[in-house]
Amino acid sequence: MTATRRSAARDRAAAFCERFGLRLPILQAPMASASPASLAAAVANAGGMGALGALLTAPAGIAAWAAEVRSHSNGAFQMNLWIPDPPPVRDAAAEERVRRFLAAWGPPVPPEAADAKPPDFDAQCDAFLAAGPAVVSSIMGLYPPAFVAALKSRGIAWFACATTLSEALQAEAAGADAIVAQGFEAGGHRGSYDDAAAERQGVGLFALLPRLADRLSVPIIATGGIGDGRGVAAALTLGASAAQIGTALLRCPEAKTNPAWAEALVELEPEATQPTRAFSGRLGRAVAIAYVKAAAAPDAPPPAPYPVQRALTTPMREAAQREGDIERMQAWAGQSAAMARDEPAGDFVRRVWEEAQELLP
């Protein structure tokens, strides 16, 4: 029975690679502000799929990123967007308390800072269509039906992130070509469709995968806490067709990660990461730095909703990046961060797949 299951895992991976033009079933996670073209090209040239997390990227930047990747690779890449939340309910008094708290961690935050808006979602979607990637992916919800139809008419696949079976079934019914199953181990933002349920629906990847595999008819891409061949092999065995890796790529030189952030990942224990809303107002897993711990203290003000909290923390986060101060830096990290290596991304991806194949005879 074991041999049969492993053979099926290889078959799923091979079918996925053939369908999406890959040589190995490993995808770079689309990490907003941490997916430079150099990393995507390196992963794609190794046979995997590169990625852009375009949340904060304006349409012109999306076009420039795609052009840069294509100047260095003819491999596949995906482009990812958050599905926008409804406009947040504003509370001036609560925002003032957050601004006073942040004043101890960075430059003073003017009241108007909270009014900053993300790039226009519809314009970003149009830029995706113009760029024509192999895949467009979503997180925190589902694309509007008209945009899904536009993708399909252009032969662009849609990968939808899901954190529960209910979300995955919604995405499959809406036309998703594959489901990215995100476990609670993942670094960065939690992909929950219902933001208020993100903490309560904290399902681990290896509990989520079999549940999805038993109910879905589309391929599953496993993500969250995968950083070596053992994780890839386990994910394939449990029903995935491919694996997506984020944090473990951040020490690769092509990732151009801030040195303080990259250093913080070295031998980082799983329990040294922490889910927090303190950076953006949305739940995300980060290195448990001093700011994250202070923001979780009983006397700290509750974070403002997204995107207000993200706007309010921008001065602190930008100062931390400039100064290399990890204790107030937005340093996302999954629970397998210790598996990150200072290794060229192409070598990393090939090594991980070689390790996985040794476990999948």
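Structure: see above.
A brief report on the enclosed structure follows.

Reading guide: rules and limits
- Residues numbered from 1 in each chain as written.
- Predicted model: local features only at pLDDT ≥ 70, side-chain atom pairs only at ≥ 80, totals over all residues.
- Heavy atoms only, no water.
- Salt bridge = Lys/Arg side-chain N within 4 Å of Asp/Glu carboxyl O.
- Helix = DSSP H or I, 4+ residues; strand = E, 2+ residues; numbered from the N terminus.
- Buried < 20%, exposed > 50% of the residue type's maximum accessible area, 1.4 Å probe, protein only.
- Pairing = 2+ DSSP bridges.
- Axes fitted to C-alpha atoms, helices over the stretch in contact; angles between N-to-C directions.
- Contact = heavy atoms within 4.5 Å.
- Parallel < 35°, antiparallel > 145°, perpendicular 65-115°, else oblique.
- Left-handed = near helix turned anticlockwise from the far one by under 90°.
- Nonpolar A, V, L, I, M, F, W, Y, C, P; charged D, E, K, R; others polar.

Examining the pattern of salt bridges
Once their charged atoms are close, side chains differing in charge can pair, the charge on each being opposite to the other.
At step 1: Overall, the coordinates contain 16 salt bridges when judged by the stated rule.
At step 2: For Asp115, the salt bridge identified is with Arg90, shortest N-O distance 3.0 Å. Taken together, the residues Asp115 in the loop between α4 (92-102) and α5 (121-131) and Arg90 in the loop between β3 (77-82) and α4 connect sequence positions 25 residues apart.
At step 3: A relative accessible area of 39% means that Asp115 is categorised as partly exposed.
At step 4: For Arg90, a relative accessible area of 39% corresponds to the partly exposed category.

Topic: the side chain of Arg351
At step 1: Structurally, Arg351 can be placed in helix α13 (residues 345-359).
At step 2: The class for Arg351 is buried, based on a relative accessible area of 14%.

Section: the sheet that holds strand β8 (residues 220-223)
At step 1: Reading across the sheet, the 8 strands line up as β1-β9-β8-β6-β5-β4-β3-β2 and stay open at both edges, with parallel pairing between neighbours. The strands lining the two open edges of the sheet, one partner per strand, are β1 (26-28) and β2 (50-53). Strand-to-strand twist in this sheet, taken as the mean axis angle between neighbours without regard to direction, amounts to 25 degrees.
At step 2: Pairing between strand β5 (residues 157-162) and strand β6 (residues 178-182): 4 bridges, direction parallel. Note on β6: the bridge partner recorded for Phe159 is Ala178.

Focus: α5
At step 1: Considered for burial, the residues of α5 that qualify are Phe121, Gln124, Cys125, Ala127, Phe128, Leu129 and Ala131.
At step 2: Where α5 is buried, its residues meet α3 (59-72), β3, β4 (135-139) and α6 (145-153).
At step 3: Note on α5: the residue one or two positions beyond its end, Gly132, has a positive phi of about 60 degrees.

Here we look at the packing of helix α2 (residues 37-45) against α13
At step 1: Across the interface, α2 lies against α13 with an axial gap of 8 Å and an inter-helix angle of 40 degrees. As judged from the angle between their axes, α2 and α13 are oblique. Taken as a pair, α2 and α13 cross one another with a handedness that is right-handed. Contacts between α2 and α13 involve Leu39, Ala42 and Val43 on the former and, on the latter, Ala345, Gly346 and Val349.
At step 2: Its residues placed into classes, the contact of α2 with α13 shows 5 nonpolar, 1 polar and no charged.

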